[in-house]
Amino acid sequence: MARHDLSDFRHVHAFDDGNVAGERRLWIVVAITAVAMLAEIVAGWITGSMALTADGWHMGTHVAALGIAALAYRMARRWSSDSRFTFGTWKIEVLGAYSSALLLAVVALAMAVESARRLVSPEPIDYAPALVVALVGLVVNLASALLLGGHDHGHGHGHGAGHGHAHGPDRDAGHRHGDLNLRSAYLHVVADAFTSVLAIAALAAGLYAGWAWLDPAMGIVGAVVIGWWAKGLIAESSRVLLDREMDSPVVADVRRAIECDGDAEIADLHVWRVGRERYACALTIVARAPLEAAQYRARLGPVAAVAHASIEIHRCPHYNCP
């Protein structure tokens, strides 16, 4: 039996092109902060400053987190054409962000415990050199923040309309989602800069006012800030990994587009993200006079965030179907 030409019905499930520029900036920041991290940890150990040590370890988690993010970019790009990934490799980046957040949460807890111990059993601190190293750490953090830019760089890429694909970002995705990897990296260096400021304040108070208790107290404050940031990133990345997207505005847009003729009704709808600004959906349509699947796909054209749609169609079986 002759085989049909199916090329017009096949398409690539790579809905996100990655962020090569962001990956490059991440590797530069990793190299810079790795050196500063070692300097702060060693200086904190020598001088006895808990705030400086905490800042150094936080910078260490920053190096690890950015390294994970950069590797996630690379792996997502390397396997982007691998057909074993049903809806592309973008979630590798999100998994990297989730792993980084878990690492931060563990380190925050360790920092809080050690700082509390220092409050109970104070240890001598060599303030002057510790203050110098903390200032250097702050400069590194600010430079890293400037390098990463502080902006999400989400890119929308459409596909052929024959497969129910659309072009351009939806009104919600570009502002709320963007590049999760890059945004988490930027927030991380901002948190680094904040803990550096805390360390500087504590060391200066100890040096000029003799407030030795402020150093471990600032270590606790820094731990709380890191833990709060980790909690936020865990919540955001796990939402994507678990496909909790049914409260997105794109869901209402899909319903409105499909049911515009007053006949078709969506009996079942599932929406999940497959890229920074891209969604896939599977829907079951029931209609008294059902149309061809291609016609329903055409209705999704204006719903710009929908990159892929799987449509199941049924004629209404009820005798009183309106």
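Before reading further, recall that the structure is shown in the block above.
The following refers to the structure shown.

**Looking at the side chain of Ser 115**
Logical step 1: Tracing the backbone shows Ser 115 in helix H3 (residues 90-120).
Logical step 2: Ser 115 gets classed as buried once you look at its relative accessible area, which sits at 0%.

**Things to note about empty space enclosed by the protein**
Logical step 1: All told, the structure shown has three cavities of 30 Å³ or more when counted by the stated rule.
Logical step 2: The space that makes up the largest cavity amounts to roughly 60 Å³.
Logical step 3: Looking at the largest cavity, it is lined by 11 residues, and the ones nearest its centre are Ala 65, Leu 66, Ser 100, Ser 184 and Ala 185.
Logical step 4: Contributing elements (two or more residues each) for the lining of the largest cavity: helix H2 (50-78), H3, helix H6 (180-209) and helix H7 (214-241).
Logical step 5: Looking at the lining of the largest cavity element by element, the count peaks at four residues for H6.
Logical step 6: Here the residues of the lining of the largest cavity are counted per class, giving seven nonpolar, four polar and no charged.

**Concerning the sheet that holds strand E2 (residues 278-287)**
Logical step 1: Strand order in the open sheet made by the three strands is E1-E2-E3, with mixed pairing throughout. The sheet is open, and its two edges are formed by strand E1 (265-275) and strand E3 (306-315), each paired on a single side. For this sheet the average axis-to-axis angle between neighbouring strands, irrespective of direction, equals 10°.
Logical step 2: Helix H8 (residues 249-258) rests against E1, E2 and E3 of the sheet, and its axis sits at about 135° to E1.

Rules used in this analysis
- Residues numbered from 1 in each chain as written.
- Predicted model: local features only at pLDDT ≥ 70, side-chain atom pairs only at ≥ 80, totals over all residues.
- Heavy atoms only, no water.
- Helix = DSSP H or I, 4+ residues; strand = E, 2+ residues; numbered from the N terminus.
- Buried < 20%, exposed > 50% of the residue type's maximum accessible area, 1.4 Å probe, protein only.
- 1 Å grid on protein atoms, 1.4 Å probe; cavity = no way out; pocket = protein on both sides within 12 Å on 5 of 7 lines; lining within 4 Å.
- Points joined across faces, edges and corners; volume = space filled by probe spheres on them.
- Nonpolar A, V, L, I, M, F, W, Y, C, P; charged D, E, K, R; others polar.
- Pairing = 2+ DSSP bridges.
- Axes fitted to C-alpha atoms, helices over the stretch in contact; angles between N-to-C directions.
- Contact = heavy atoms within 4.5 Å.

Shape is all these values report; function is a separate question.
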